[in-house]
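A look at the structure
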Amino acid sequence: MTKILKHPLFHWSTFLLSIAIVLYAYFRPLPPEDLFEHSDKLGHIVAFLALGLTARLALPAVKGMILWPTIIAMAPLFEYLQGAFRPLRIYNEYDVYANLVGVLLAMLITRLFAEVLARKS
């Protein structure tokens, strides 16, 4: 099982699945119903956390100075495009902030994980 988890094809598959899910969630005609107050914000955080973590796994050769700004730029871009392409969906700056929190969490987790691996070596 651990061999599968370390395989680049697994990393790419999870990354592409993350992208597909995020794009579907953003560009579906209607927003999902709220499960609880601000559940949509939690969804934005989780989406960009998953996107960031899977991107880091799938693209280990890409320097963080390129990867993270790219994902950070996607946070407001996706929100803007959603409002532009879907008339029943609107741009919400708080959703952008939630996206950015997800990216920052992904950056923090990958940094901590790298430090733990460096200490073990």
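Everything below is about the structure shown above.
The structure displayed is predicted, hence computed values, not measured ones.

With respect to the side chain of Thr110
Structurally, the position occupied by Thr110 is in helix H5 (residues 93-120). Within the structure, the side chain of Thr110 is placed 3.0 Å from the backbone oxygen of Met107, a separation counted as a polar contact. For Thr110, the residues in contact, after removing those within four places along its chain, are Leu53, Arg56 and Trp68.

Brief notes about the pattern of salt bridges
This model, assessed by the stated rule, comprises three salt bridges. Sharing partners across several salt bridges, the network here consists of Asp40, Lys41 and Asp95.

Some words on the packing of helix H3 (residues 39-58) against H5
Between two packed helices, what matters for the description is the angle formed by their axes and the separation of those axes. Look at H3 against H5: their axes get within 7 Å of each other, and the N-to-C directions meet at 40°. Crossing hand, H3 versus H5: right-handed. Of the residues in H5, those touching H3 at Asp40, Lys41, His44, Ile45, Phe48, Leu49, Gly52, Leu53 and Arg56 are Tyr94, Asp95, Ala98, Asn99, Val101, Gly102, Val103, Leu105, Ala106, Ile109 and Thr110. When grouped by side-chain class, the residues that make up the contact of H3 with H5 number eleven nonpolar, five polar and four charged.

Structural notes on unusual backbone geometry
Unlike most non-glycine residues, His38 shows phi in positive territory, near 65°. Residue placement: His38 occurs in the loop between helix H2 (8-27) and H3.

A closer look at helix H4 (residues 64-85)
Its 22 residues give H4 an end-to-end C-alpha distance of 30 Å, which sits within 8% of 32 Å, the value for a rise of 1.5 Å per residue. If you look at H4, its biggest bend is around 30°, right at Ala75, and the proline Pro76 turns up within four residues after that. Considered for burial, the residues of H4 that qualify are Leu67, Trp68, Ile71, Met74, Ala75, Phe78, Glu79 and Gln82. On its buried face, H4 sits against H2, H3 and H5.

Calculation rules
- Residue numbers here run from 1 along each chain, matching the order of that chain's written sequence.
- With pLDDT at 70 or above as the cut-off, local features in this predicted model cover only qualifying residues; side-chain atom pairs require 80 or more to be listed or tallied, and sums for whole chains, interfaces and linings still use all residues.
- With hydrogens and water excluded, all non-hydrogen atoms of the structure serve as input to the side-chain values.
- Helix and strand definitions here come from DSSP, where helices need a minimum of 4 consecutive H or I residues and strands a minimum of 2 consecutive E residues; each element is numbered from the N-terminal end.
- Whenever a nitrogen or oxygen atom comes within 3.5 Å of another N or O atom, the pair is scored as a polar contact, on the condition that within protein one atom can donate a hydrogen and the other can accept it, and that pairs from neighbouring residues in sequence are kept only if both atoms are in side chains.
- We call two residues in contact when some of their heavy atoms are within 4.5 Å.
- Salt bridges are counted wherever a side-chain nitrogen of Lys or Arg sits within 4 Å of a carboxyl oxygen of Asp or Glu.
- Lines fitted to C-alpha atoms define the axes here, with helix axes fitted over just the stretch in contact, and angles between the N-to-C directions of these axes take values from 0 to 180 degrees.
- The crossing is said to be left-handed when, going from far helix to near helix, the turn is anticlockwise and less than a right angle, and right-handed when the turn is clockwise.
- Put simply, Ala, Val, Leu, Ile, Met, Phe, Trp, Tyr, Cys and Pro go in the nonpolar bin, Asp, Glu, Lys and Arg in the charged bin, and everything else, Gly too, in the polar bin.
- By this rule the span expected of a helix is its residue count minus one, scaled by 1.5 Å.
- The quantity called bend is, for any residue, the angle between two axes fitted respectively to the seven residues ending at it and the seven beginning at it.
- Burial classes: relative accessible area under 20% of the type maximum marks a residue as buried, over 50% as exposed, and values in between as partly exposed (1.4 Å probe, protein chains only).

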